[in-house]
Amino acid sequence: MPVATRAGFALDDVRDLAARIASRADAADRAGRLPAEDVADLRASGYLALSVPREHGGQGATLRDCALAQLKLAQASGSTAMVAAMPLHLFGAMREHTPWSEEHFEKLCRLTSEEGALLNSVASEPQLGSPSRGAIFRSNARRVDGGWLINGHKNWSTGGRHLTHLLVSLDIEGNPAQMLVPNNASGICWEPTWRDALSLRASDSDDVYLKGVFVPCDHLLARHADSSQRNRPTPWFPLLTAATYLGVALAARDAAIHFALERVPTALGKPIASLPGIQRQVGELDVELQAAQMMLLEAARQWDDERDMSAVAPAKLFANDAAIRAADRAMRIVGGQAITHALPLERYYRDVRGGLTHPPSGDLALQAIGRSAIEGLRPPGN
């Protein structure tokens with residue numbers, strides 16, 4: 001019987017999807033390319049519309065349910081799961097607060113839920129750094145007869161050529177704006193810059209150039225006087241990306257355990273899983289992963305039920321760091337074979353390190369967490 005979440009979608013369906021994607025993951029990583037079959041499976045399964053509201057054809061899944069789904073999908077392929085995380089976080093955040101008109105929001109929802117569109121926000125630029133810090137985009141659009149002419153260069157564009165539509169952040173007369181751009185528009189040129197990256201090599205997070213790309217007037221989705229609206233805090237991106245890396249770490253845990261159950265040294269005459277030292281190492285690994293999952297899912301629940309973001313940064317930071325430590329411990333349990341292509345552990349070891357790049361990260365996240373703890377105990381009036 002399918003395991004149903006509160007939103008009503010079946011996690012067993014995600015397991016079936018993950019099984020198909022897992023069969024292609026190693027080859028995809030070695031090629032450094034996202035398999036077209038993975039994208040077709042994501043689009044046909046309805047997975048991309050999990051967070052789309054029910055009234056617009058989606059499943060209206062909660063943040064917690066989307067995190068559960070990502071934990072499962074990422075065990076098959078961190079790269080493909082990260083591609084899927086993009087529309088999930090986008091629609092989840094936008095259904096709660098969006099600068100788009102209701103007409104634009106419904107149109108994009110229907111594209112995803114009814115046509116299986118694969119969308120992603122394309123914001124990062126080589127000279128810009130993280131868009132979350134606030135900056136002026138070099139990519140720009142200017143009015144022409146009947147629409148807009150777009151020029152620019154974007155990087156970290158997860159999904160690459162497989163995207164059906166780009167949500168391009170750019171500048172219009174000194175103000176940030178966002179345009180809907182079909183990926184088949186004339187003047188779009190993709191450069192495969194990502195295939196040799198350390199992490200998530202098969203996510204096609206490539207560079208894209210927009211050279212005189214024309215879109216009609218109604219493709220302007222939003223135009224802001226400042227960056228505060230587009231940088232509004234949301235838990236969807238940090239928790240779903242953290243769930244993705246944590247899912248990869250769970251796969252590393254399982255791979256190490258399977259190896260320990262099957263590895264029978266001639267001098268021992270039984271599986272190394274029977275050794276107390278191996279059991280202790282697996283125990284250390286598993287305790288931290290269980291704690292990370294509980295923190296992550298509880299942070300998501302607090303947002304779903306109470307709109308409380310206080311647990312998001314700690315959960316995200318702990319999950320990403322726990323994923324890195326778990327993959328490292330899994331490598332140590334297995335030993336020499338872990339660094340070869342005989343096992344997927346070297347892929348997992350690389351992929352979890354992508355979590356270091358996502359905001360909020362590092363010292364900034366710890367400062368914010370510490371500041372919140374200090375303010376919580378500060379005497380009134382001080």
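Residues numbered from 1 in each chain as written. Predicted model: local features only at pLDDT ≥ 70, side-chain atom pairs only at ≥ 80, totals over all residues. Heavy atoms only, no water.

Student: Help me get a handle on unusual backbone geometry, residues and values and all.
Tutor: One non-glycine residue, Glu-173, adopts positive backbone phi at about 55 degrees. By the secondary structure assignment, Glu-173 is in the loop between β4 (165-172) and β5 (175-182). For Glu-173, a relative accessible area of 72% translates into the label exposed. (Helix = DSSP H or I, 4+ residues; strand = E, 2+ residues; numbered from the N terminus. Buried < 20%, exposed > 50% of the residue type's maximum accessible area, 1.4 Å probe, protein only.)

Student: Before we move on, can you summarise the side chain of Thr-241 with the specific residues and values?
Tutor: Secondary-structure assignment places Thr-241 in helix α6 (residues 236-262). With residues near it in sequence (within four places) discarded, Thr-241 still touches Met-82, Met-86 and His-358. (Contact = heavy atoms within 4.5 Å.)

Student: Explain helix α3 (residues 63-74) residue by residue, including any values.
Tutor: The end-to-end C-alpha distance of α3, which contains 12 residues, comes to 16 Å, matching closely the 16 Å that a straight helix rising 1.5 Å per residue would cover. Burial of α3 is extensive: 9 of the 12 residues sit out of reach of the surface. For α3, the full list of buried residues reads Leu-63, Asp-65, Cys-66, Ala-67, Ala-69, Gln-70, Leu-71, Leu-73 and Ala-74. Next to the buried residues of α3 lie α1 (11-31), α2 (36-45), α4 (78-96), α6 and α7 (276-306). (Expected span 1.5 Å × (residues − 1).)

Student: For the pairing of strand β3 (residues 147-157), give the residues involved together with the corresponding values.
Tutor: In terms of residue burial, β3 counts as a mostly covered element, since 8 of its 11 residues are buried. For strand β2 (residues 140-144) and β3, the ladder comprises 5 bridges, and the chain directions are antiparallel. Looking across to β3, one finds that Ala-141 is bridged to Ile-150. Linking β2 back to β3 in an antiparallel pair, the connection comprises 2 residues, with Gly-146 at a positive phi of about 85 degrees. Bridge analysis of β3 against strand β7 (residues 206-216) gives 9 bridges, and the strand direction is antiparallel. Residue pairing for β7: Ile-150 is matched across the bridge by Val-213. (Pairing = 2+ DSSP bridges.)

Student: Give me the lowdown on the environment of Arg-301, citing residues and values where you can.
Tutor: Along the polypeptide, Arg-301 turns up in helix α7. A sequence separation of 236 residues divides Arg-301 from Asp-65, and the C-alpha atoms of the two residues are 9.1 Å apart. A distance of 2.7 Å separates a polar atom in the side chain of Arg-301 from a polar atom in the side chain of Glu-298. (Polar contact = N/O pair within 3.5 Å; in protein donor to acceptor, adjacent residues only side chain to side chain.)

Student: Describe the packing of α3 against α4, listing the residues and the values that go with them.
Tutor: Closest axis-to-axis distance for the α3/α4 pair is 8 Å, and the angle between their directions is 160 degrees. When the interaxial angle is binned, α3 and α4 end up roughly antiparallel. When the axes of α3 and α4 are compared, the crossing they make is right-handed. Along the contact surface, α3 presents Cys-66, Gln-70, Leu-73 and Ala-74, while α4 presents Gly-78, Ala-81, Ala-84, Ala-85 and Leu-88. Its residues assigned to classes, the contact of α3 with α4 comprises 7 nonpolar, 2 polar and no charged. (Axes fitted to C-alpha atoms, helices over the stretch in contact; angles between N-to-C directions. Parallel < 35°, antiparallel > 145°, perpendicular 65-115°, else oblique. Left-handed = near helix turned anticlockwise from the far one by under 90°. Nonpolar A, V, L, I, M, F, W, Y, C, P; charged D, E, K, R; others polar.)

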